[in-house]
Amino acid sequence: MPELVVDGAVLHYQLRGTGPLLLISQSGEGDADRSTDLVDTLADSFTVLTYDRRGLSRSLTAEGRDAAAVADHVDDAHRLLAALTDRPVPMLGCSLGAVIGLHLAARHPEQLSTLIAHEPVAPWLLGAEERAHHAAELAELQELYLRDGLAAVLPEIARVLGIDTTGRDVEEGLTPQPMDAQRRANFDRFLRHDFTALLRDDLAPDTVAASPVRIVPAAGVTTPGEVFDRRCADALAELVGTEVAEFPGGHNGNTSHPRAYAARLVEVLLEEAGTAARATA
């Protein structure tokens, strides 16, 4: 299995498909396998790079390095791209993965051509009052998990992020993603450590607005307009002066509607190619 040694961790990553490189940075507890159905659909058009964030599944951390800041995750993604290519690549970032992408766009713009930032969990995008409200929601979710466990917190996460948990609005033939021991361990890592990293994250919005990277704020068509993650997508769109691109499904549309989501992703990336062609004509 491909691995990359970075400061304080060994990152597991996967490359699938043929064509130009496309980086996918996953949401929540998701490891390199989370978007497997999406990757299957994209593999005819792209060489898709996915990876386990440090501490998840096969990406082992050094002793005493359990806690990670968003900056650590950003540096990991930066080093992965630097090891694999010297050209800018498109990136799909989902939720926490979108936050990582926004930092990359600000700090390492030479590595990205387009960032599709799907419902970034980024309180710093919001005004002071709304930011405080939603940061408190995240803190309460973490406290609930630490006190009462995973079964208690999952319905509340779904409520805060507007996630449909009925399982009715999904494509057919999806790869099962059972709540096994590894996934529970990944949730523990995400809720115990990455929630803290998100609450401490304080990227200056002006640095995102100034990035030369084409940033496409994205949201699921079924994500309610008032919930935290959709509000962050709206705020990002206002910041970079564009509209939110709607994608099939909700917050986890990349896993619930992988084929339709892949088609929409390709459509958005082709818009970039069309714009570039017109600019050089």
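Residues numbered from 1 in each chain as written. Predicted model: local features only at pLDDT ≥ 70, side-chain atom pairs only at ≥ 80, totals over all residues. Heavy atoms only, no water.

Caption draft 1: View of the pattern of salt bridges. One pass over the full model with this rule turns up 21 salt bridges. Put simply, R230 and D234 hold a salt bridge, and the shortest N to O gap is 3.0 Å. Here R230 pairs with D234, and both are found in helix α8 (residues 228–240), just four residues apart, close to one helical turn. Between R264 and E267 there is a salt bridge, with the nearest N and O atoms lying 2.5 Å from each other. With a gap of three residues between them, R264 and E267 both fall in helix α10 (residues 258–280), about one helical turn apart. Taken together, the shared-partner salt bridges in this structure form one network comprising E130, R230, R231, D234 and E246. (Salt bridge = Lys/Arg side-chain N within 4 Å of Asp/Glu carboxyl O. Helix = DSSP H or I, 4+ residues; strand = E, 2+ residues; numbered from the N terminus.)

Caption draft 2: Fine view of the nonpolar core. Residues L81, L102, L112, L125, V153, L191 and F228 are the most contacted members of the largest nonpolar core, which totals 54 residues. In terms of residue count, helix α3 (residues 96–107) provides more of this core than any other element does, seven residues in total. I24, F46, C94 and A218 belong to the second largest nonpolar core, which has 19 residues in total. (Core = buried A, V, L, I, M, F, W, Y, C linked by side-chain atoms within 4.5 Å. Buried < 20%, exposed > 50% of the residue type's maximum accessible area, 1.4 Å probe, protein only.)

Caption draft 3: A look at helix α5 (residues 150–161). Given a rise of 1.5 Å per residue, 12 residues ought to cover 16 Å, and the 16 Å separating the end C-alpha atoms of α5 matches this to within 8%. Among the residues making up α5, those that are buried are L150, V153, I157, A158, V160 and L161. Along the axis of α5, the buried residues cluster in a sector spanning 165°; they form a single face. In this fold, the buried residues of α5 make contact with α4 (128–148), α6 (181–200) and α8. Downstream of α5 by a residue or two, G162 has a phi angle that is positive, lying close to 70°. (Expected span 1.5 Å × (residues − 1). Arc of directions from axis to C-beta. Contact = heavy atoms within 4.5 Å.)

Caption draft 4: Broad picture of α3. Spanning 12 residues, α3 covers 17 Å between terminal C-alpha atoms, matching the ideal 16 Å at 1.5 Å per step. Extensive coverage of α3 is indicated by the burial of 10 of its 12 residues. Those residues of α3 lying buried are L96, G97, A98, V99, I100, G101, L102, H103, L104 and A105.

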